[in-house]
Amino acid sequence: MTIAIYPGSFDPITNGHLGIATRAAKLFEKVVIGVYDKPNKHLIFTTEERVELARQSVAHLPNVAVEPFTGLSVNFAKTMGARAMVRGLRMSADFEREFDMAMMNKKLSPQVDVVCLMADLKYQFLSSTLLKEVASLSGDIDDLVPKPVAEALRRKYLANRNCTETG
Ligand code: ADP
């Protein structure tokens, strides 16, 4: 079976990520979205929440699974029996970083190939970071994320606002 992993922070998963996972699911027999537990980023969702939101978002894709992982993504690929690692490329933001990471991963694990898919035109500008900023300011994010994610963001920022007001 040709298995691919799609690793990332997914804090939270967006329609941009979902587009990449959907297309990867047509190229590989099985795709495992790997939710990295400790990215060097400010997270608003726990690993369990990020996994659960990703699972709900890909429930309609029978050959896509979601698992948390810790440590190197190439080791996660090995554990999953994957020969490929999928990444999404936005026009301006991603190439240099993805290129460096792909070179390093190739050195660490030559048997795993990185497969980059171009981000969908309508999600080129979309990042989890920008999404969180807009959601925190009560902006409309409904057509940028799967429904469970929109609801989770609203709950999260409503809870934060209530804490700030009462605290
Ligand atoms: P990381 O912290 O590794 O950048 P992310 O969760 O932000 O993880 O993203 C995981 C992967 O999805 C990366 O390859 C990233 O470039 C890609 N990606 C992020 N946003 C989008 C988007 N809007 N469209 C397509 N791919 C995206």
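Residues numbered from 1 in each chain as written. Predicted model: local features only at pLDDT ≥ 70, side-chain atom pairs only at ≥ 80, totals over all residues. Heavy atoms only, no water.

Student: Residues and numbers for the overall build of the chain, please.
Tutor: From N to C terminus, the chain includes 6 helices and 5 strands. Along the chain direction, N to C, the helices and strands of the chain fall in the order β-α-β-α-β-α-β-α-β-α-α. In terms of overall dimensions, the chain is globule-like: its C-alpha atoms have a radius of gyration of 16 Å, near the 15 Å expected for 167 residues. Along the three orthogonal principal directions, the C-alpha set of the chain runs to about 55 × 35 × 30 Å. Pairs at least 24 residues apart make up 76% of the contacts formed inside the chain by residues separated by at least 6 positions. Side-chain charges in the chain split into 21 positive and 19 negative, and the spacing between the mean points of these groups amounts to 4 Å. (Helix = DSSP H or I, 4+ residues; strand = E, 2+ residues; numbered from the N terminus. Rg over C-alpha atoms; globule rule 2.2 N^0.38 Å. Contact = heavy atoms within 4.5 Å. Lys, Arg positive; Asp, Glu negative; His and termini not counted. Charge placed at Lys NZ, Arg CZ, Asp CG, Glu CD.)

Student: A description of the site of the ligand should follow, citing residues and the corresponding values.
Tutor: What surrounds the ligand is a group of 18 residues, the closest being Y6, S9, K41, G88 and L126. A distance of 2.6 Å separates an oxygen atom of the ligand from a polar side-chain atom of K41. Between the ligand and the protein, one listed contact pairs an oxygen atom with a side-chain N or O atom of R97 at 3.5 Å. When the ligand is considered free in solution it has 550 Å² of accessible area, and contact with the protein chains removes 94% of it. Elements represented by at least two residues in the shell around the ligand include exactly strand 1 (3-8), helix 1 (15-27), strand 4 (84-89) and helix 4 (95-108). (Near = heavy atom within 4 Å. Polar contact = N/O pair within 3.5 Å; in protein donor to acceptor, adjacent residues only side chain to side chain. Areas by Shrake-Rupley, 256 points an atom, 1.4 Å probe, with all protein chains shown as cover.)

Student: Quick rundown of the pairing of strand 5 (residues 113-118)? Include the residues and the values.
Tutor: For a regular strand, the rule is simple: side chains alternate between the two faces of the sheet. Of the pairings in the sheet, the one linking strand 4 to strand 5 comprises 6 bridges and is parallel in character. Bridged to M85 within strand 5 is V114. Read from strand 4 through helix 4 to strand 5, the crossover connection turns out right-handed. (Pairing = 2+ DSSP bridges. Right-handed = clockwise from strand over helix to strand, strands pointing away.)

Student: Just give me the short version of the pattern of salt bridges, but keep the residues and values in it.
Tutor: Pairs may arise between side chains of opposite charge once their charged atoms sit close together. The final tally for this structure, using the stated rule, is 9 salt bridges. R83 serves as the salt-bridge partner of D113, at 4.0 Å between the closest nitrogen and oxygen. With D113 in strand 5 and R83 in the loop between helix 3 (73-80) and strand 4, this residue pair connects regions lying 30 residues apart in the sequence. With a shortest N-O distance of 3.1 Å, R154 and D142 are connected by a salt bridge. Linking R154 in helix 6 (residues 147-166) with D142 in the loop between helix 5 (128-136) and helix 6, this pair joins segments that are 12 residues apart in sequence. Judged by its relative accessible area of 45%, R154 is partly exposed. (Salt bridge = Lys/Arg side-chain N within 4 Å of Asp/Glu carboxyl O. Buried < 20%, exposed > 50% of the residue type's maximum accessible area, 1.4 Å probe, protein only.)

Student: Tell me about the environment of I3, residues and numbers included.
Tutor: Structurally, I3 can be placed in strand 1. Along the sequence, I3 and R83 sit 80 residues apart, while their C-alpha atoms lie 6.3 Å from each other. Ignoring any residue separated from it by four or fewer positions in sequence, one finds I3 in contact with K30, V32, M80, G81, A82, R83 and A84.

Student: Kindly report on helix 4, identifying the contributing residues and their values.
Tutor: The terminal C-alpha atoms of helix 4, which comprises 14 residues, lie 20 Å apart, in line with the 20 Å expected from a rise of 1.5 Å per residue. Listing the buried residues of helix 4 in full gives E98, A102 and N105. All buried residues of helix 4 lie within an arc of 70° about the axis, which places them on one face of the element. Those residues of helix 4 that are exposed and aimed more than 90 degrees away from the buried face are E96, D100 and K107. Buried positions along helix 4 lie against helix 3, strand 4 and strand 5. (Expected span 1.5 Å × (residues − 1). Arc of directions from axis to C-beta.)

Student: Tell me about a nonpolar patch on the surface, and name the residues and values.
Tutor: There is a patch of nonpolar side chains on the surface, built from L72, M104 and L108 and spanning about 270 Å² of accessible area. Checked against the element boundaries, L108 lands in helix 4. With a relative accessible area of 39%, L108 lands in the partly exposed category. (Patch = residues over 30% accessible without salt bridge, like charges linked within 9 Å, V, L, I, M, F, W, Y side chains within 5 Å.)

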